[in-house]
Amino acid sequence: MLQPLRILFRPKWMVSRSSASYVSRMRHLNKIKEEDEACRAALQSGNIFLYHKLAPLLRRTDSGIYQLPALQTKDVEEILEKLGEDKEMVKESILINCTEQNEAQFSFDVGAIEQAAVEELCRGTFVDLRKAFFLLRGSEAPLVARGQALLRWHQTNGFCSSTGQPTQRNQSGSQRLCHSSGITYYPKMSPVVIVLVSDGKRCLLGRQSTFPRGMYSALAGFCDIGETMEEALCREIAEEVGLEVESIQYSGSQHWPFPQSSFMVACHATVNPDKTHVSVDKVELEDARWFSLEEVQEALTIKAPPRNNKGEPTVFWVPPNYAIANRLIQEWANQQHLKS
Ligand SMILES: NC(=O)C1=CN([C@@H]2O[C@H](COP(=O)(O)OP(=O)(O)OC[C@H]3O[C@@H](n4cnc5c(N)ncnc54)[C@H](O)[C@@H]3O)[C@@H](O)[C@H]2O)C=CC1
Ligand SMILES: [Mg+2]
């Protein structure tokens, strides 16, 4: 049932534009992830993204563009000292990634310090991640989401679930260890399948009651333990809309930070065009229905839906382009266009 994996293009982030090749960069990153000493050294010359209670610091340029300021470690130490804090706190930074120039990138939460004081010193604002996702461009949005996901995981995994004893992190923050039980904990993601179902002419979109008004998306669901992705996909479609999937094609994947870290696996699926009756599980979804190519194309052009005087969107629209649901919908529309 699962069609062959689509041949992947070489993603942009893999194409090195500097002296550090992709392979040497990944090996360097792995070394600082695994070796505490190497990580401490990397922190000295690395970049730090600040968060306040998990909200990332953004800076607005004179031309009105929002950026993710990368601070030097010494700058963060200086800020901590100016605010009467111990500069050694900076060592709590968590490794996120490294740049093409092999500079390590870290996230650091200053949630224990007064927000306004840090904002003033950094000439920026701490912005809720959902809003930051809208404001940032290109690769900065996934980077900031990854930084937040790691900080959140550390903030909620301070104790061993077997012994109740405190867990200790390694320097990079790639794991936590309980010395009492010997259990090593690793940052966790929940696998989710997200699927755009088509009957050959129309595509099926649904909405939860918590979605902003008028927004419909591809159907999604968490994988159960022991399931394959294909099984989870077929089960979710059967549960949520009462349809039987006939074929599946893999599209791509995405880390999704809301409400917590999910690993989204995105697929297209088809159903028999003679068996398209939708019976919506009203516990999961407020509505699900078939949309024509014209309706979908129109929705894809909407960047910010018009709103009524209560601030609610008044038209049918789809998730913005940073959500993998948008990519699925776009791919489906392109494919339909080619067919016609
Ligand atoms: N990036 C994107 O384009 C999109 C992402 N999503 C994300 O997909 C995720 C799953 O979609 P839903 O339809 O809500 O899933 P769902 O259809 O599986 O329903 C959610 C329910 O699943 C249960 N559940 C099982 N395992 C869970 C876990 N590990 N974490 C939380 N709940 C779990 C809970 O009872 C929860 O109420 C959501 O987090 C949503 O934010 C959804 C649509 C678009
Ligand atoms: Mg669902």
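Just so we're clear, the structure is a prediction, and the values are computed from it rather than from any experiment.

Here we take up the UniProt feature "domain: Nudix hydrolase" (unreviewed entry) in the protein. The feature "domain: Nudix hydrolase" (unreviewed entry), as annotated in UniProt, sits at residues 187-319 in this numbering. The distance from the first to the last C-alpha atom of residues 187-319 is 27 Å, and the span holds 16% helix and 34% strand.

Time to look at the packing of helix α8 (residues 293-300) against helix α9 (residues 324-339). It is the contact of α8 with α9, at a shortest axis distance of 10 Å, that shows an interaxial angle of 130°. Considered as vectors, α8 and α9 are oriented oblique to each other. As for how α8 packs across α9, the hand of that crossing is left-handed. Residues L293, V296, Q297 and L300 of α8 form the contact with α9, whose own contacting residues are N326, I329, Q330, W332, A333, Q336 and H337. Across the contact of α8 with α9, the residue classes tally to 6 nonpolar, 5 polar and no charged.

On to the packing of aromatic side chains, then. As enumerated under the stated definition, the model contains 9 aromatic pairs in all. Relative to W256, the ring of F133 has its centre 6.1 Å away and its plane inclined at 90°; by these criteria the two rings are edge-to-face. Taken together, the positions of F133 in helix α5 (residues 129-135) and W256 in strand β14 (residues 245-256) put the pair 123 residues apart, joining distant regions of the chain. You'll find F133 and W256 in the same group, each marked buried. On the numbers, 5.1 Å between centres and 65° between planes, the contact of Y216 with F291 is edge-to-face. Note that Y216 is positioned in the loop between β12 (203-207) and β13 (219-222) and F291 in strand β16 (residues 287-291), a separation of 75 residues in sequence. A relative accessible area of 7% means that Y216 is categorised as buried. An aromatic cluster is present here, built from F133, F134, W256, F258 and Y322 joined pairwise through their rings. Directly above the aromatic system of F258 lies the positively charged group of R130, at a separation of 4.1 Å from the ring centroid. If you follow R207 out to its NZ or CZ, it ends over the ring of Y216, 6.0 Å from the centre.

Reading the values: rules and limits
Residues numbered from 1 in each chain as written. Chains lettered and ligands numbered in written order. Predicted model: local features only at pLDDT ≥ 70, side-chain atom pairs only at ≥ 80, totals over all residues. Heavy atoms only, no water. UniProt positions renumbered as here; feature names shortened; annotations may be inferred. Helix = DSSP H or I, 4+ residues; strand = E, 2+ residues; numbered from the N terminus. Axes fitted to C-alpha atoms, helices over the stretch in contact; angles between N-to-C directions. Parallel < 35°, antiparallel > 145°, perpendicular 65-115°, else oblique. Left-handed = near helix turned anticlockwise from the far one by under 90°. Contact = heavy atoms within 4.5 Å. Nonpolar A, V, L, I, M, F, W, Y, C, P; charged D, E, K, R; others polar. Phe/Tyr/Trp six-rings, centres within 6.5 Å; stacked < 30°, edge-to-face > 60°. Buried < 20%, exposed > 50% of the residue type's maximum accessible area, 1.4 Å probe, protein only. Lys NZ or Arg CZ within 6 Å of the ring centre and 35° of its normal.

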